[in-house]
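One letter stands for each residue in the lines below.
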Amino acid sequence: RYIGTLNGKFQRDGLGLQNLENGDQYFGQFAQDQRNGEGYYFWTPKTNENRVQTEFYDGKWKDNKKDEKGAYIWMDEPTDDQSYENAIFDAYIGELKDEKYTRGTYLSKTETDFYLYHGNFDDECKKSDESAFFYTSQLNRIFHGAINKDLLVNGYIAYFEPDSDEIKELVHCTFNEDGSIDEIKRQKDINEDEAEDEIRNIKNFKSVIFDGNYFPKIYTRYRKAKTFIEDNANSIELLEDKENIPKIQKLLKKYNSKSIYNSIEENFFGREL
């Protein structure tokens with residue numbers, strides 16, 4: 001079922017809401033009968049043992065494929081208490097090419113911990129980068145270095161004091177092919193200038209993460225999109241009122257204004273997007 005605008009060939013073209021036979025829903029821009037431009041896509045939710053899992057994409061499309069930039073979120077939350085505190089989720093925010101990750105930020109929130117990876121991905125969507133950052137909250141540490149197909153290769157690990165931005169220890173590690181540590185070099189054995197540069201980079205990266213308060217923002221973004229889809233799933237009036245169109249276009253383009261990925265790239269790496 002489709003509610004939206006058509007072109008002269010009666011193809012979906014412009015803005016519309018698509019309710020698929022399998023229960024999936026897409027709301028956004030079309031061109032020549034295909035998803036092109038900005039749009040939300042919700043996969044049919046799955047309920048399991050009083051929890052509901054929802055898969056959601058918010059971003060750019062090209063010929064029905066996720067492309068260019070977007071946010072891909074996998075949400076798991078209780079059916080009776082849907083709030084940020086009780087939510088468990090994974091999220092990828094960044095660049096895509098033909099539905100595959102290329103460079104971005106991958107975040108995970110569990111009940112007790114969260115971690116964040118920032119860097120490149122290979123053709124199999126595995127973390128692969130010569131200068132990636134990886135943060136874990138439970139251990140309060142940041143890794144900066146080379147990673148290949150989701151396994152650490154070599155780099156620096158900074159251990160922070162509890163609830164502090166002060167680094168209590170900096171080490172350089174080389175890892176075996178199975179991900180276990182092969183060799184450790186303590187800070188006293190690292191070149192002083194090199195250690196200072198690493199400490200500065202790692203502290204800057206951590207400040208970007210925490211100043212942005214990104215995890216609650218991701219949940220809020222998901223919740224607003226879900227509410228919008230639920231409220232308008234069968235509302236033809238939404239598009240009949242032409243005054244609504246500019247507001248909706250602005251809503252769909254909100255991702256490109258400022259995301260966690262843009263923020264890290266611009267504030268930390270100086271890479272304008």
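Residues numbered from 1 in each chain as written. Predicted model: local features only at pLDDT ≥ 70, side-chain atom pairs only at ≥ 80, totals over all residues. Heavy atoms only, no water.

## Considering unusual backbone geometry
Residue Phe 10 is not a glycine yet carries a positive backbone phi of 60°. Within the element layout of this structure, Phe 10 appears in the loop between β1 (2-6) and β2 (12-19). For Phe 10, a relative accessible area of 70% translates into the label exposed. A positive phi angle is found at Asp 33, which is not glycine, with a value near 75°. Tracing the backbone shows Asp 33 in the loop between β3 (25-31) and β4 (34-42). (Helix = DSSP H or I, 4+ residues; strand = E, 2+ residues; numbered from the N terminus. Buried < 20%, exposed > 50% of the residue type's maximum accessible area, 1.4 Å probe, protein only.)

## Notes on the nonpolar core
By size, the foremost hydrophobic cluster in this structure holds 42 residues, and its most contacted members are Leu 107, Ile 202 and Phe 205. For this core, the element with the highest residue contribution is helix α2 (residues 214-232), accounting for eight residues. In this structure, Tyr 26, Tyr 117, Ala 132 and Ile 147 belong to the second largest nonpolar core, which totals 14 residues. (Core = buried A, V, L, I, M, F, W, Y, C linked by side-chain atoms within 4.5 Å.)

## Quick look at the environment of Lys 168
Counting through the fold element by element, Lys 168 comes out in strand β14 (residues 167-175). With 25 residues separating them in the primary sequence, Lys 168 and Asp 193 have C-alpha atoms 18 Å apart. Contacts of Lys 168, omitting those with residues within four sequence positions, involve Tyr 159, Phe 160 and Glu 161. (Contact = heavy atoms within 4.5 Å.)

## Details of helix α5 (residues 260-267)
With six of eight residues buried, α5 is to be regarded as a mostly interior element. Ile 260, Tyr 261, Asn 262, Ser 263, Ile 264 and Glu 265 are the residues of α5 that are buried. Where α5 is buried, its residues contact β7 (65-78), β8 (88-97), β9 (100-109), β10 (114-120), α1 (192-212) and α2.

## Side note on the pairing of β2
Of all eight residues in β2, six are buried; the element is thus mostly enclosed. Here β1 pairs with β2 via four bridges, running antiparallel. The residue of β2 that forms the bridge with Ile 3 is Leu 17. Hairpin connection of β1 to β2: five residues between the antiparallel strands, including Phe 10 at a positive phi of 60°. As defined by bridge partners, β2 adjoins β3 across six bridges and the pair is classed as antiparallel. From the neighbouring strand, Gly 14 faces β3, where its bridge partner is Phe 30. (Pairing = 2+ DSSP bridges.)

## So, the pattern of salt bridges
For the structure shown, the criterion picks out 16 salt bridges. Two residues, Arg 103 and Asp 129, come together in a salt bridge whose shortest N-O distance is 3.5 Å. Here Arg 103 is found in strand β9, whereas its partner Asp 129 is found in strand β11 (residues 129-136), with 26 residues between them in sequence. Residue classification places Asp 129 among the buried positions, given a relative accessible area of 10%. Several salt bridges converge on common partners, so that one network encompasses Asp 122, Glu 124 and Lys 149. (Salt bridge = Lys/Arg side-chain N within 4 Å of Asp/Glu carboxyl O.)

## Some remarks on the environment of Ile 245
Along the chain, Ile 245 turns up in helix α4 (residues 244-252). Residues Ile 245 and Trp 43, 202 residues apart in the sequence, show an inter-C-alpha distance of 24 Å.

## Considerations on the packing of aromatic side chains
With the rule as written, the count across this model stands at 30 aromatic pairs. Relative to Phe 56, the ring of Phe 42 lies with its centre 4.4 Å away and its plane at 20°, an arrangement referred to as stacked. With Phe 42 in strand β4 and Phe 56 in strand β6 (residues 51-62), this residue pair connects regions lying 14 residues apart in the sequence. Across the pair, Phe 56 and Phe 42 agree in class, each one buried. Note on Phe 114 and Tyr 135: the rings are 5.8 Å apart at their centroids and 45° apart in plane angle, and the pair reads as tilted. (Phe/Tyr/Trp six-rings, centres within 6.5 Å; stacked < 30°, edge-to-face > 60°.)

## Quick look at the pairing of β3
Among the seven residues in β3, six count as buried, and that is most of the element. Hairpin remark: β2 followed by β3, antiparallel, with five residues in the connecting loop; positive phi at Gly 23, about 100°. As paired elements, β3 and β4 share six bridges and run antiparallel to each other. Of the residues in β4, the one forming a bridge with Tyr 26 is Tyr 41. As consecutive antiparallel partners, β3 and β4 are separated by two residues, and within that stretch Gln 32 has a phi angle of approximately 50°, a positive value.

The values reported here are purely geometric and, on their own, carry no functional implication.
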